[in-house]
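Structure assessment
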Amino acid sequence: MAFSFIRTIINKFAHSHRSSAITGPFGLVPPEVLDLIIGYLTDDKVTLLSCALVHPAWTSISRYHLPPVTLIVSSPSRSKDLCKLLRSSQETLSSSVTGITLVGDVPFDDCATNGKSSRSQSYRKLLHVLKAKHVALCSGAVENDPSLLEIFAYYFPALSELKVTCASYQDITSFMRALAGAFTRLTALSIELGSRGLDLPDASLSGLHDLALGMPRLRSLRVSGWNNDLVRWLGNNVVGTLERLELESTSVWSTCHVDEATPLLQRNKDTLKDLKLSFVKRDAAFDLSGLTRLARLEVTSGMSEALNGRLLPRSLEKLSIREAACALASSGMSTNLDMEECILLEGPALQRAMGL
């Protein structure tokens, strides 16, 4: 009933506008009242879109309540359709776009060689249309094809969030070369390597050592899929900026050791607040006491037995352990804690476990 009443008001003013009865920048409705009315339509996206087409002032207020739109482009034909839609659409659609995912050809695809040029050209045209529409992209994602990063960097070098997915380990170096120095304003980077369940920690990545990442504002880093060369390279290039770090092996049978990430942790010890280690291992006690600002720590299989209460930072507020059964060795006590699938320690319980 409430939405029906609001729609009646909206339609009445919309009719007045079409009859040239609305005057002034906000028409007959004061901006404070208009904001309250449109605010009730947060869950009614169709009516919100209608509001956005009534008046320029209504557009700016409606846009605030509309959800962000992420475009997923997986083929040249889809890219062409999106170009036509964006060129013919009102400002509201293009202004709602905040992210885009470009899907490249997977390696060994029979059509990869013939279709790569056509795909790149169509994606380039789409990004050109978005640029011409003054779309303020915040996030982007590229899958399978490193050359698509170059197109991204040309049109939208000021991205704040980026995700890259490498279909094979042979492409990692190419992806990192395309990343190096291209997105200097990036604050969040996610890297996914290879297929799920496949880790190649010792695979050599030639050509990484002479690269500089060039992301001085990077605050969040996620690496899914373990490779020692890549983790060491990131440790040499991401210094003193990280607040959140997630390192994940994609196989529960992995023999990946977190020791390779020690330089990355130590070089960000004064800024790191959130750390997640998934399916990585360590045989001996792991010293995290140097991470002076660490507030949240999450570990999974293989890491829980390496935790020692004396070696956890006193700044820690929340400890999450995801494992069927594990032992938390704490200061002054060696009692094993039988865990369910997940255990969460915080507040007094965490302080007791740390011997504080």
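Our structure's up above, just so we're on the same page.
This next bit is on the packing of aromatic side chains. Within a pair of aromatic rings, the relevant descriptors are the distance that separates the centres and the angle that separates the planes. On inspection of all chains with the given rule, the structure shows 1 aromatic pair. With a centroid separation of 4.9 Å and an interplanar angle of 85°, the aromatic rings of Tyr154 and Tyr155 are classed as edge-to-face. Judged by relative accessible area, Tyr154 falls into the exposed class, the value being 61%. Sitting over the face of the ring of Phe156, Lys131 holds its NZ or CZ atom 5.5 Å from the ring centroid.

Turning to the nonpolar core, a few remarks are in order. Of all hydrophobic cores here, the largest spans 78 residues; its most connected members are Ile100, Met176, Phe183, Leu230, Leu275 and Leu297. With 6 residues, the top contributor of residues to this core is helix 8 (residues 147-155). Leu48, Cys51, Ile61 and Leu66 belong to the second largest nonpolar core, which has 10 residues in total.

Moving on: a positive patch on the surface. Among the surface-exposed residues, Lys80, Lys84, Arg87 and Lys125 lie close enough to one another that they form a single positively charged patch. In terms of residue count, the dominant contributor to the positive patch is helix 5 (residues 76-88) (3 residues).

A word on the pattern of salt bridges. Considering all chains together, one arrives at 12 salt bridges under this definition. Ionic pairing is found between Arg244 and Glu246, a salt bridge with its closest N-O pair at 3.5 Å. For Arg244, a relative accessible area of 31% translates into the label partly exposed. For Glu246, a relative accessible area of 7% gives the class buried. Lys276 is the salt-bridge partner of Glu246, the closest N and O atoms lying 3.7 Å from each other. Here Glu246 is found in strand 7 (residues 244-248), whereas its partner Lys276 is found in strand 8 (residues 274-278), with 30 residues between them in sequence. Connected through salt bridges with shared partners, the residues Lys163, Glu192, Arg222, Arg244, Glu246, Glu248, Asp274, Lys276, Arg296 and Glu298 form a single ionic network.

Okay, the environment of Thr47 next. Inspection of the secondary structure puts Thr47 in helix 3 (residues 45-52). For Thr47, a relative accessible area of 8% translates into the label buried. As for Thr47 and Ser62, which are separated by 15 residues in sequence, their C-alpha atoms are 9.5 Å apart.

About the cut-offs
Residues numbered from 1 in each chain as written. Predicted model: local features only at pLDDT ≥ 70, side-chain atom pairs only at ≥ 80, totals over all residues. Heavy atoms only, no water. Phe/Tyr/Trp six-rings, centres within 6.5 Å; stacked < 30°, edge-to-face > 60°. Buried < 20%, exposed > 50% of the residue type's maximum accessible area, 1.4 Å probe, protein only. Lys NZ or Arg CZ within 6 Å of the ring centre and 35° of its normal. Core = buried A, V, L, I, M, F, W, Y, C linked by side-chain atoms within 4.5 Å. Helix = DSSP H or I, 4+ residues; strand = E, 2+ residues; numbered from the N terminus. Patch = residues over 30% accessible without salt bridge, like charges linked within 9 Å, V, L, I, M, F, W, Y side chains within 5 Å. Areas by Shrake-Rupley, 256 points an atom, 1.4 Å probe, with all protein chains shown as cover. Salt bridge = Lys/Arg side-chain N within 4 Å of Asp/Glu carboxyl O. Lys, Arg positive; Asp, Glu negative; His and termini not counted. Charge placed at Lys NZ, Arg CZ, Asp CG, Glu CD.

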